[in-house]
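Listed below, chain by chain, are the residues.
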Amino acid sequence: MLTLPRFDWVHPETLDQLLDHMREHAAESLILAGGTDAVPNLKHRLHEPQYVVAIGRIAELAFIRHETDGLHLGPLVTLSRVASEPRIRAEFASLARAAGLVAGPQLRNMGTIGGNLCLDTRCTYYNQTYFWREALGFCLKKSGTLCHVVPQGKRCVAAHSSDLAPVLITLGAEVEIAGHAGRRTVSVEEFFVPDGIHNNVLAPGEVVTRLFVPAAARGLATGYQKLRPRASIDFPMLSVAFAARMNGVCESARLVVSAIAAKPRTIHGADDVARGRPLDESVAGALGELAHRQCQPLISVPYDHDYRRAMVPVFVRRAVRQAAGP
Ligand SMILES: Cc1cc2nc3c(=O)[nH]c(=O)nc-3n(C[C@H](O)[C@H](O)[C@H](O)COP(=O)(O)OP(=O)(O)OC[C@H]3O[C@@H](n4cnc5c(N)ncnc54)[C@H](O)[C@@H]3O)c2cc1C
Ligand code: SF4
């Protein structure tokens with residue numbers, strides 16, 4: 001049986017209380033929202049904090065607001081709510097779809113969108129028990145000096161595995177971050193960095209306080225496709241998000257492939273390929289080939305990387321067809 005390490009609970013009831021605690025104790029604290037990723041990681045001793053800061057009681061972080069400038073979401077909104085809220089389903093279909101494809105129903109009822117965005121990167125050599133990792137001499141990401149995926153590498157290449165992040169990038173979404181020095185906003189694309197040890201720009205003590213999807217994303221044609229071993233529970237071994245502005249033909253397009261590196265990969269040139277053309281099979285095929293050339297899955301995800309690479313154009317085509325509609 002895997003047990004939790006010893007820690008002290010902290011239960012802030014307001015954002016100010018949370019930020020006050022983080023100002024003093026950021027280095028020794030782990031934020032816990034729904035806990036669906038944080039608790040298994042604690043049991044694996046991947047985090048060994050002095051304080052676990054449970055933010056679930058902070059009511060001001062659990063809102064859904066449809067406003068004229070776009071959709072505002074508090075980080076404590078659950079994945080189930082995003083998947084089922086009628087207006088999100090109607091106006092931001094790929095976002096609702098991605099939320100509904102995370103894990104299984106129980107995990108979606110507990111899991112939050114803030115936790116999904118800040119999800120730790122995953123690796124065959126990292127998401128293991130302490131005993132397992134110790135037998136291998138640990139690794140760069142935690143307690144060791146070597147990467148078992150790229151042994152000569154100096155950087156962790158564990159996989160970004162959030163279902164929502166690639167979709168949010170195609171929708172041009174932004175993240176609001178708060179810390180004791182104030183608030184700042186970055187695009188979801190800029191939120192991530194290609195470093196598997198800590199793959200986002202959150203500084204110690206900073207927390208995600210809002211997600212914003214601009215009104216311009218309301219009219220987009222979108223698709224989200226996820227490759228996983230089973231149709232439930234499993235993390236993506238490859239994911240593809242696509243969004244296009246259509247006016248008879250494509251006016252602009254964004255394509256993002258994820259679960260292949262520490263940061264979701266925006267496919268360069270997707271807009272050039274699709275612009276001025278209908279979303280037909282020829283565009284879907286060309287986008288698939290473009291993505292195939294730019295994506296090299298690594299063995300950090302425990303499934304055959306050649307197979308995952310071969311599936312890149314297949315899943316791109318499916319995402320484009322889904323955006324094109326019936
Ligand atoms: C069996 C299983 C299958 C899963 N499958 C999937 C899947 O298919 N796709 C997928 O995307 N995820 C999957 N997950 C991971 C997880 O369930 C979801 O990503 C979920 O959305 C995480 O949200 P949470 O609230 O539970 O996060 P938590 O576990 O509470 O936190 C996750 C991380 O985010 C940080 N965090 C949380 N909120 C904030 C905040 N507001 N500001 C700053 N940091 C914050 C925490 O400190 C922690 O590091 C799976 C998990 C399990 C156990
Ligand atoms: S990619 Fe390398 S350093 Fe990162 S978790 Fe995996 S084995 Fe460790």
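In the block above lies the structure referred to throughout.
Residues numbered from 1 in each chain as written. Chains lettered and ligands numbered in written order. Predicted model: local features only at pLDDT ≥ 70, side-chain atom pairs only at ≥ 80, totals over all residues. Heavy atoms only, no water.

Let's talk about the site of ligand 1
Convention followed: Any residue with at least one heavy atom within 4 Å of a molecule or strand is counted as near it. Any pair of N or O atoms that falls within 3.5 Å is considered a polar contact. Within protein, one atom must be able to donate a hydrogen and the other to accept it, and sequence-neighbouring residues count only if both atoms are side-chain atoms. All accessible areas in this document rest on Shrake-Rupley with a 1.4 Å probe, and a residue is counted as covered only by the protein chains that are shown. In DSSP terms, a helix is any run of H or I states spanning at least four residues, a strand is any run of E spanning at least two, and both are numbered starting from the N terminus. As a working rule, the residues Ala, Val, Leu, Ile, Met, Phe, Trp, Tyr, Cys and Pro are called nonpolar, Asp, Glu, Lys and Arg charged, and the rest polar, with Gly in that last group.
In the vicinity of ligand 1 there are 33 residues, among which Ile31, Thr36, Ala38, Thr112 and Asp163 approach most closely. One of the backbone N or O atoms of glycine 35 is found 2.8 Å from an oxygen atom in ligand 1. Here ligand 1 loses 91% of its free accessible area of 980 Å² to cover by the protein chains. Secondary structure elements with two or more residues in the shell around ligand 1: strand 2 (29–32), helix 7 (113–117) and strand 8 (207–214). Residue composition of the shell around ligand 1, by class: 19 nonpolar, ten polar and four charged.

Structural notes on the site of ligand 2
In the vicinity of ligand 2, the contacting residues are Cys123, Tyr125, Tyr126, Cys139, Leu140, Lys141, Cys147, His148, Val149, Cys156, Val157 and Ala158. Among the residues forming the shell around ligand 2, the class breakdown is ten nonpolar, one polar and one charged.

Considering the pattern of salt bridges
Stated formally: A carboxyl oxygen of Asp or Glu within 4 Å of a side-chain nitrogen of Lys or Arg is what we treat as a salt bridge. Relative accessibility thresholds used throughout: buried, under 20% of the residue-type maximum; exposed, over 50%; partly exposed, between the two (1.4 Å probe, protein chains only).
Under the definition given, this model contains 16 salt bridges. Of the charged contacts in the structure, one is a salt bridge between aspartate 37 and arginine 122, with a shortest N-O distance of 3.9 Å. Of this pair, aspartate 37 sits in the loop between strand 2 and helix 2 (38–43) while arginine 122 sits in the loop between helix 7 and helix 8 (130–135), and the two are 85 residues apart along the sequence. Taking relative accessible area as the criterion, arginine 122 reaches 22% and is therefore assigned partly exposed. When the shortest N-O distance is used, the salt bridge between arginine 65 and glutamate 67 registers 2.9 Å. We classify arginine 65 as partly exposed; its relative accessible area is 37%. Each member of the salt-bridge network shares a partner with another, and the members are Arg87, Glu91 and Arg218.

Topic: the environment of leucine 119
Selection criterion: Residues count as neighbours in contact if any of their non-hydrogen atoms are within 4.5 Å of one another.
You can see leucine 119 is positioned in the loop between helix 7 and helix 8. Sequence separation between leucine 119 and asparagine 199 is 80 residues, and the spatial gap between their C-alpha atoms is 9.2 Å. For leucine 119, the residues in contact, after removing those within four places along its chain, are Asp37, Ser161, Ser162, Asn199 and Phe235.

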